[in-house]
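So you can see what is in the structure, the chains are spelled out below.
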Amino acid sequence: MTSSPTPLMRLDVISIFPDYLSPLSLSLVGKAIASGLVGLGVHDLRDWTHDRHRTVDDTPYGGGAGMVMKPEPWGEALDAVLDDDTEGTTLVVPTPSGVPYTQSLAAELATRKRLVFACGRYEGIDARVMTHFRDRVDTQEISLGDYVLNGGEVAALAIIESVVRLLPGVIGNPESLVEESHSPDLDGLLEYPVFTKPLEWRGLTVPDVLVSGHHARISAWRREQAEQLTSDRHPPAV
Ligand code: 6GU
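These numbers come from a predicted model, not from an experiment.

Parameters and conventions
Residues numbered from 1 in each chain as written. Predicted model: local features only at pLDDT ≥ 70, side-chain atom pairs only at ≥ 80, totals over all residues. Heavy atoms only, no water. Helix = DSSP H or I, 4+ residues; strand = E, 2+ residues; numbered from the N terminus. Buried < 20%, exposed > 50% of the residue type's maximum accessible area, 1.4 Å probe, protein only. Contact = heavy atoms within 4.5 Å. Areas by Shrake-Rupley, 256 points an atom, 1.4 Å probe, with all protein chains shown as cover. Lys, Arg positive; Asp, Glu negative; His and termini not counted. Charge placed at Lys NZ, Arg CZ, Asp CG, Glu CD. Axes fitted to C-alpha atoms, helices over the stretch in contact; angles between N-to-C directions. Parallel < 35°, antiparallel > 145°, perpendicular 65-115°, else oblique. Left-handed = near helix turned anticlockwise from the far one by under 90°. Nonpolar A, V, L, I, M, F, W, Y, C, P; charged D, E, K, R; others polar. Phe/Tyr/Trp six-rings, centres within 6.5 Å; stacked < 30°, edge-to-face > 60°. Pairing = 2+ DSSP bridges. Right-handed = clockwise from strand over helix to strand, strands pointing away. Core = buried A, V, L, I, M, F, W, Y, C linked by side-chain atoms within 4.5 Å. Arc of directions from axis to C-beta.

Enquirer: A description of the overall build of the protein should follow, citing residues and the corresponding values.
Expert: The helix and strand inventory of the protein stands at seven helices and nine strands. Across the 238 residues of the protein, 39% fall into the buried class. Across the protein, contacts joining residues at least 24 apart in sequence account for 76% of those joining residues at least 6 apart. Split by element, the accessible area of the protein, about 14,300 Å² in all, is 53% carbon and sulfur. Charge centroids of the protein, computed over 20 positive and 34 negative side chains, lie 4 Å from each other.

Listed below in structure tokens is the structure:
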């Protein structure tokens, strides 16, 4: 693999479970990192604790269940990982109370020079951390959807994969980027069903139209299928 002198994007992830990020060395994202197109740093939040127990959490003011991540380790970690010049940097804080993640947000993040992920656990990070860093760097609290994960690591993996595949030169065939579900080409529709050889499998055949050679009919069939799937599975909110 040839190496590229300047990465297209630098990624840093701060977590108390840095091993959770090991899938980043696999597949397409792993290749982008190995080739130098993308730079990656994974950091253990506990490296910025100073007590014998390397404490990162404490009980919530106001009471309630669970623990809250202390602000001091996060402050020191982010001071260390962020550059003085944060132009082109976005601090991403995965949280179920964030704004919903979408393909257009992925496309927006893909234009940034640098993404720093602050992966919280427990009931979240002391809110003053986001208040403080919002003044220093573009900060986005992002949710993957309306369900609860144990921490931000899996969300960071999903966000990174969706962003890195949009970077120029990461995907061999850029056409596979535009023909997908939620892309502008299909007007936000879900993708139509796809088929490959053999023509008959376990008594099931491929729709005739797809082997007809009539490109206009194929396009119309795919559009119709995409519209049907979208109304069945993903009707517009409101
Ligand atoms: Cl981004 N974080 C956590 N902890 N849970 C989630 C999520 C994020 N998105 C959906 N559930």
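That was the structure; now back to the text.
Enquirer: Summarise the packing of helix 2 (residues 71–81) against helix 4 (residues 127–134); cite the residues concerned and give the values.
Expert: Where helix 2 meets helix 4, the axes come as close as 9 Å, and the angle between the chain directions of the two elements is 30°. Considering the angle they form, helix 2 stands roughly parallel to helix 4. Our pair here, helix 2 against helix 4, has a crossing hand that is right-handed. Counting all contacts with helix 2, which are made through P71, W74, G75, L78 and D79, the residues of helix 4 involved are R128, V129 and F133. Considering only residue class, the contact of helix 2 with helix 4 consists of five nonpolar, one polar and two charged.

Enquirer: Describe in detail the packing of aromatic side chains, supporting the description with residues and values.
Expert: Going through the model one piece at a time under the given rule, you end up with one aromatic pair. Measuring from ring centre to ring centre gives 6.3 Å for F17 and Y20, while their planes differ by 55°; the resulting arrangement is tilted.

Enquirer: So what about the pairing of strand 1 (residues 9–15)? Which residues, and what values?
Expert: The two faces of the sheet receive side chains in turn, since in a regular strand these alternate between them. For strand 1, the tally of buried residues reaches six of seven residues, placing the bulk of the element in the interior. As paired elements, strand 1 and strand 2 (residues 38–44) share seven bridges and run parallel to each other. Bridge pairing in strand 2 links M9 to V38. Once the chain exits strand 1 it traverses helix 1 (residues 27–34) before rejoining the sheet at strand 2, and the crossover so formed is right-handed.

Enquirer: Account for the environment of D84, with residues named and values stated.
Expert: On the secondary structure map, D84 appears in the loop between helix 2 and strand 5 (89–100). Along the primary structure D84 and R10 are separated by 74 residues, whereas in three dimensions their C-alpha atoms are 15 Å apart.

Enquirer: Report on the nonpolar core, specifying residues and quantitative values.
Expert: Judged by nonpolar contacts, the single largest core of 27 residues is most densely connected at F117 and V164. For this core, the secondary structure elements donating two or more residues are strand 1, helix 1, helix 3 (103–109), strand 6 (114–118) and helix 5 (153–164). Looking at this core, the element that brings in the most residues is helix 5, giving six residues. Apart from the residues within four sequence positions on either side, F117 is in contact with L11, D12, V13, I14, V92, A156, I159 and I160. Core analysis: the next-biggest nonpolar cluster, separate from the first, contains 20 residues, W48, V56, F133 and V137 among them.

Enquirer: Just give me the short version of the sheet that holds strand 5, but keep the residues and values in it.
Expert: One open sheet holds the five strands; their spatial order is 2-1-6-5-7, and the pairing between them is parallel. Unpaired on one side and paired on the other, strand 2 and strand 7 (138–143) mark the two borders of the sheet. Neighbour to neighbour, the strand axes of the sheet diverge by 25° on average, direction disregarded. Two elements, strand 1 and strand 6, share five bridges in a ladder whose sense is parallel. Following the sheet pairing, V13 is matched in strand 6 by F117.

Enquirer: Mind laying out helix 4, listing which residues take part and the relevant values?
Expert: Along helix 4, the residues classified as buried are V129, M130 and F133. Looking down the long axis of helix 4, one finds its buried residues gathered within 95° of arc, a one-sided arrangement. Exposed residues pointing more than 90 degrees away from the buried face of helix 4 are listed as A127, R128 and T131. On its buried side, helix 4 packs onto helix 2, strand 5 and strand 7.

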